Amino acid sequence: MDKHFHFLGICGTAMGAVAAAMARQGYKVSGSDENVYPPMSTFLESEGIKISKGYHASNIPQDADVIIIGNAMSRGNAEVEAVLQRRLRYLSLPETMKEYFLRGKRNYVVSGTHGKTTTTSILTWLMEDSGLNPSFMIGGIARNLGRGGRFTSSEFCVLEGDEYDTAFFDKRSKFLHYLPEVVIINNIEFDHADIYNNIDEIKLSFRRLTQIIPNNGLALVNADDPNCLDVVKKAPCPVKTLGFSDSANIRILDVEATENGSYFTLEGTRYYVPMIGEFNIRNAAMAISAAQFAGLNVKQLAESLKKFKGVARRQEVRGEVKGITVIDDFAHHPTAIRQSIQGIRQRYPQARIWAIFEPRSNTTRRNIFQSELAIALATADFPVVAKVDNPGKVAEKDRLNLNKLENDLIALNKAPIIGDAVDKIVFKVSELAQPGDVILVMSNGGFDGIHDKLLNKLNTKN
């Protein structure tokens, strides 16, 4: 019987949550990570888990039965090499979840290029507020839940289903391991350019996902997205389409937007979600329909949705100084950038909007969306693009061309600030920003603490 599990990359959000859950079930758990710092390090230590800093072959305990290898690990890592040399048993994180937590459960998997974290958070909250006490794994922190993941004794489990690959030794999408009863497909666009060559390869992965939904399950699909409709054409499972389209099985009707939220009707019930933007209305509608499939009452769902508090780093107000508001958002794809700016315009209709973007993801540091990025950023009043993060990871011929991006934005009648480091961006933007402006910061990383730097600089502005 497996007794001791050692995690490589234990301080990742999902890795840490699974490690803690295994410790609570009585397994001996240890791990290692290059970046050991709070809050994850203190959380794991509070669970009685020993963490080694850095990766060294000697970190792997002699009595370890199974090594869990995180998605960020690759060949050349000292512990990975030791695992292979010693012929130890190893699993990916998705395989571990499947074998030790998901079998026999009612697993609700939320997938798609955009909106996964928000939709998973809403669905989890709807189940939580209805008393189902679901297990969940989310790639962000829902404010109602206070954490990114947990495993309970509930029959329900809600999972953010990523199409990214599983591990260096398993190139299947993570979501193919999750034993789904219900799958939400929010949208499908080209992304993850480091592992996919084109949209057809991504669609193939989603088709494979529909192949493992049982006959007593459900695929809930965006009726307004042709790629989503395409991947379920020959799906062997029950399918329902949802959206604004006249052809949708479940239609979103009577939308009413306010500065702080949105009203809409779904199958005769009126809902309010304290979020803005058409994309968030669809996210909420998907979560509601999935929750109904779980047997929850629509009246209860409407009450629960009103109480949803959002997700950290999704249009999160970081502060306001001298009438200038700084907002953080996770957007890192042209579609998400455009939708985020659109949502901020709805929330602050009179404001001038600064859009500060960091090309950091494996897709946006490439030139795949060269033109689309300019068009998306041009929907802001003042586009600002930082230097490309870790440019050496992409060949120059494939890298985002900041000079072209600048020229494209100028051609779209914008006066962009392009290619600067964070401190220079902070100086320029804080000098030019005026009371009533909104500064929207978009990155899928920490962006060198730009949010606090902006607020501090604005505070000292005359």
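Coordinates for the structure precede this section.
Residues numbered from 1 in each chain as written. Predicted model: local features only at pLDDT ≥ 70, side-chain atom pairs only at ≥ 80, totals over all residues. Heavy atoms only, no water.

Draft legend 1. Region of the structure containing the pairing of strand S3 (residues 50-53). Relative to S3, strand S2 (residues 28-33) runs parallel, the two being bridged by four bridges. Bridge assignment links Gly31 to a residue of S3, and that residue is Ile51. As a crossover connection, the stretch from S2 through helix H2 (residues 40-46) into S3 is right-handed. (Pairing = 2+ DSSP bridges. Helix = DSSP H or I, 4+ residues; strand = E, 2+ residues; numbered from the N terminus. Right-handed = clockwise from strand over helix to strand, strands pointing away.)

Draft legend 2. Spatial organisation of helix H5 (residues 116-129). The end-to-end C-alpha distance of H5, which contains 14 residues, comes to 20 Å, matching closely the 20 Å that a straight helix rising 1.5 Å per residue would cover. For H5, a buried count of 12 out of 14 residues is recorded, marking the element as mostly surrounded by other parts of the structure. Turning to H5, its buried residues are Lys116, Thr117, Thr118, Thr119, Thr120, Ser121, Ile122, Leu123, Thr124, Trp125, Leu126 and Met127. Buried residues belonging to H5 abut strand S6 (106-111), strand S7 (135-137), strand S9 (156-160), strand S12 (180-185), helix H8 (278-293) and helix H9 (298-306). In the stretch just after H5, Gly131 is the one whose phi turns positive, near 90°. (Expected span 1.5 Å × (residues − 1). Buried < 20%, exposed > 50% of the residue type's maximum accessible area, 1.4 Å probe, protein only. Contact = heavy atoms within 4.5 Å.)

Draft legend 3. Structural detail: the sheet that holds strand S13 (residues 218-222). Taking strand neighbours across the sheet as the criterion, the 10 strands line up as S8-S7-S9-S6-S12-S13-S14-S15-S16-S17 in an open arrangement whose pairing is mixed. Here the strands that pair on one side only, and so sit at the sheet edges, are strand S8 (149-150) and strand S17 (269-273). Direction of pairing for S13 relative to strand S14 (residues 239-243): parallel, over a ladder of four bridges. Directly across from Leu220, in S14, lies its bridge partner Lys240. The sheet strands contacting H9 are strand S16 (262-266) and S17, and the helix crosses S17 at an angle near 20°. (Axes fitted to C-alpha atoms, helices over the stretch in contact; angles between N-to-C directions.)

Draft legend 4. Fine view of the sheet that holds S3. Taken in spatial order, the five strands make up an open sheet running S3-S2-S1-S4-S5, and their pairing is parallel. Every interior strand has two partners, whereas the edge strands, S3 and strand S5 (90-92), have only one. The average angle at which neighbouring strand axes cross in this sheet is 25°, direction not considered.

Draft legend 5. Geometry of helix H3 (residues 78-85). Looking only at H3, the buried set comprises Glu79, Val80, Glu81, Ala82 and Val83. Buried positions along H3 lie against strand S1 (4-8), S2, strand S4 (66-69) and S5. Sitting at the head of H3, Asn77 places a side-chain oxygen 2.9 Å from the backbone nitrogen of Glu79. A positive phi of about 55° marks Arg87, the residue just after H3. (Polar contact = N/O pair within 3.5 Å; in protein donor to acceptor, adjacent residues only side chain to side chain.)

Draft legend 6. Structural view of unusual backbone geometry. Even without being glycine, Lys322 reaches a positive phi, approximately 50°. Residue position: Lys322 is located in the loop between strand S18 (316-321) and strand S19 (324-329). Overall, the relative accessible area of 44% leaves Lys322 in the partly exposed class. Unusually for a residue other than glycine, Phe447 sits at a positive phi of about 55°. Along the polypeptide, Phe447 turns up in the loop between strand S23 (438-442) and helix H14 (450-459).

Draft legend 7. Local environment of the packing of helix H13 (residues 422-432) against H14. Across the interface, H13 lies against H14 with an axial gap of 9 Å and an inter-helix angle of 40°. It follows that H13 is oblique to H14 by the angle criterion. H13 and H14 meet at a crossing whose hand is right-handed. On H14, the residues that touch Val422, Asp423, Ile425, Val426, Phe427, Val429 and Ser430 of H13 are Ile450, Lys453, Leu454, Lys457 and Leu458. (Parallel < 35°, antiparallel > 145°, perpendicular 65-115°, else oblique. Left-handed = near helix turned anticlockwise from the far one by under 90°.)

Draft legend 8. Here's a closer look at the packing of aromatic side chains. Summed over all chains, the structure comprises 12 aromatic pairs. A centroid spacing of 5.2 Å and a plane angle of 65° characterise the contact between Phe175 and Phe206, whose relative ring orientation is edge-to-face. Of the two residues, Phe175 is situated in the loop between strand S11 (170-173) and S12 and Phe206 in helix H6 (residues 199-210); the sequence distance between them amounts to 31 residues. Here the two residues Phe175 and Phe206 agree in accessibility, since each one is buried. Here the aromatic rings of Tyr263 and Tyr272 are separated by 4.7 Å at their centres, their planes lie at 50°, and the arrangement is tilted. Among the aromatic residues, those joined into a cluster by ring pairs are Phe5, Tyr27 and Tyr100. (Phe/Tyr/Trp six-rings, centres within 6.5 Å; stacked < 30°, edge-to-face > 60°.)

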